[in-house]
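Chain residues, written in single-letter form:
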Amino acid sequence: MKKAVILILAITICVAAWKGFASAADDVQKQIDEIKGALPKFAIPMREVGDRFQNMYFAAQNGNWGLAYYMSKYMNGALNAAKVTKPAEYQVWEAFYTDTFASVNKAIFDKDFKAFKKEYMAMIKSCNACHEGMGYGFIKVIKMKAPADNGINYTVKSKAEDVPK
Ligand code: HEC
């Protein structure tokens, strides 16, 4: 075979391989986008945030500090998918949980209900401030008179350190 023919063949094979590779990459990107689209953004996890936040109060009030901290921990964890689906908004949540909410967590670790109640009530305002800031001023959290979930015993005596890492 002439050199020129070999060269043309080689180029043709390379182009075909590249096209195959590019379309496989497109497929992978399409699948990633589809998975991202199916992950929750803020609305679904916020329902869980709302419930866990309400439950936390009754756990703390009855000395089930382990349950109170568990509720706090997974209230935060509920928003994990938003790291991927709403990265900018997630940063605001992250700052809220690590800075603002720290005072509630501290009271839980200190088993100090008086401090907990004060910080907890102040927190409701902070929750609502974020709702307003993000254009959801019509979502106003209020304190419930009973926990959101009734299927748990809130009076088991425990401490925050009891929550497995
Ligand atoms: C980073 C900002 C931010 C913070 C902080 C925040 N929220 Fe939200 N929350 C939102 C947004 C945004 C929505 C609306 C969801 C949407 O449509 O994407 C929402 C919606 C809600 C809803 C309605 C969910 C539903 O669809 O039924 C509840 C309940 C709620 N939040 C509770 C809370 C509580 C309790 C706190 C405080 C512990 C809190 N939120 C803190 C941003 C925030």
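You'll find the structure just up there.
All values derive from a computational prediction rather than experimental measurement.

J.: Explain the coordination of the iron atom of the ligand to me, please; I cannot follow it from the model alone.
T.: Ideal donor angles around a metal are set by the shape: a four-donor tetrahedron calls for 109.5 degrees, a six-donor octahedron for 90 or 180 degrees. Protein coordination at the iron atom of the ligand: the donors are Met46 (SD) and His131 (NE2), at 2.0 to 2.4 Å from the metal. Around the iron atom of the ligand, the six donor atoms sit at angles spanning 85 to 179 degrees, and that spread fits a shape best called octahedral. Of this pair, Met46 sits in helix 2 (residues 43-61) while His131 sits in helix 7 (residues 113-133), and the two are 85 residues apart along the sequence. For Met46, a relative accessible area of 23% gives the class partly exposed.

J.: So what exactly am I meant to see when it comes to the packing of aromatic side chains here?
T.: Aromatic ring pairs are reported here in terms of the distance separating the ring centres and the angle at which the planes meet. Summed over all chains, the structure comprises 16 aromatic pairs. A ring pair is formed by Tyr70 and Tyr74, whose centres lie 4.9 Å apart and whose planes are at 55 degrees; its orientation type is tilted. In this pair, Tyr70 and Tyr74 both sit in helix 3 (residues 65-77), four residues apart, roughly one turn of the helix. When its relative accessible area of 34% is taken as the criterion, Tyr74 is described as partly exposed. Among the aromatic residues, those joined into a cluster by ring pairs are Phe53, Tyr57, Phe58, Trp65, Trp93, Phe96, Tyr97, Phe101, Phe113, Phe116 and Tyr120. Lys143 extends its terminal NZ or CZ atom over the ring of Tyr57, reaching a point 4.0 Å from the ring centre.

J.: So what exactly am I meant to see when it comes to the pattern of salt bridges here?
T.: Where charged atoms of side chains with opposite charge meet at close range, the side chains can pair. For the structure shown, the criterion picks out six salt bridges. Measuring nitrogen to oxygen at the nearest pair gives 3.1 Å for the salt bridge that ties Glu132 to Lys140. Across the salt bridge formed by Lys159 and Asp162, the nearest N and O atoms sit 3.0 Å from each other. Among the residues examined, Asp162 registers a relative accessible area of 44% and is labelled partly exposed.

J.: Hey, could you run me through the packing of helix 3 against helix 6 (residues 102-110) in this one?
T.: At a closest axis distance of 9 Å, the pairing of helix 3 and helix 6 adopts a crossing angle of 155 degrees. Looking at the two axes, helix 3 sits roughly antiparallel to helix 6. Regarding helix 3 and helix 6, the two cross each other, and that crossing is left-handed. Between helix 3 and helix 6, the contacting residues are Trp65, Ala68, Tyr69 and Ser72 on the first element and Asn105, Ala107, Ile108 and Phe109 on the second. Its residues assigned to classes, the contact of helix 3 with helix 6 comprises six nonpolar, two polar and no charged.

The rules behind each value
- Residues numbered from 1 in each chain as written.
- Predicted model: local features only at pLDDT ≥ 70, side-chain atom pairs only at ≥ 80, totals over all residues.
- Heavy atoms only, no water.
- Donors = N, O, S within 2.8 Å, 3.2 Å for Na, K, Ca; no water.
- Tetrahedral: all angles 85-135°; square planar, octahedral: opposite > 155°, others 65-115°.
- Helix = DSSP H or I, 4+ residues; strand = E, 2+ residues; numbered from the N terminus.
- Buried < 20%, exposed > 50% of the residue type's maximum accessible area, 1.4 Å probe, protein only.
- Phe/Tyr/Trp six-rings, centres within 6.5 Å; stacked < 30°, edge-to-face > 60°.
- Lys NZ or Arg CZ within 6 Å of the ring centre and 35° of its normal.
- Salt bridge = Lys/Arg side-chain N within 4 Å of Asp/Glu carboxyl O.
- Axes fitted to C-alpha atoms, helices over the stretch in contact; angles between N-to-C directions.
- Parallel < 35°, antiparallel > 145°, perpendicular 65-115°, else oblique.
- Left-handed = near helix turned anticlockwise from the far one by under 90°.
- Contact = heavy atoms within 4.5 Å.
- Nonpolar A, V, L, I, M, F, W, Y, C, P; charged D, E, K, R; others polar.

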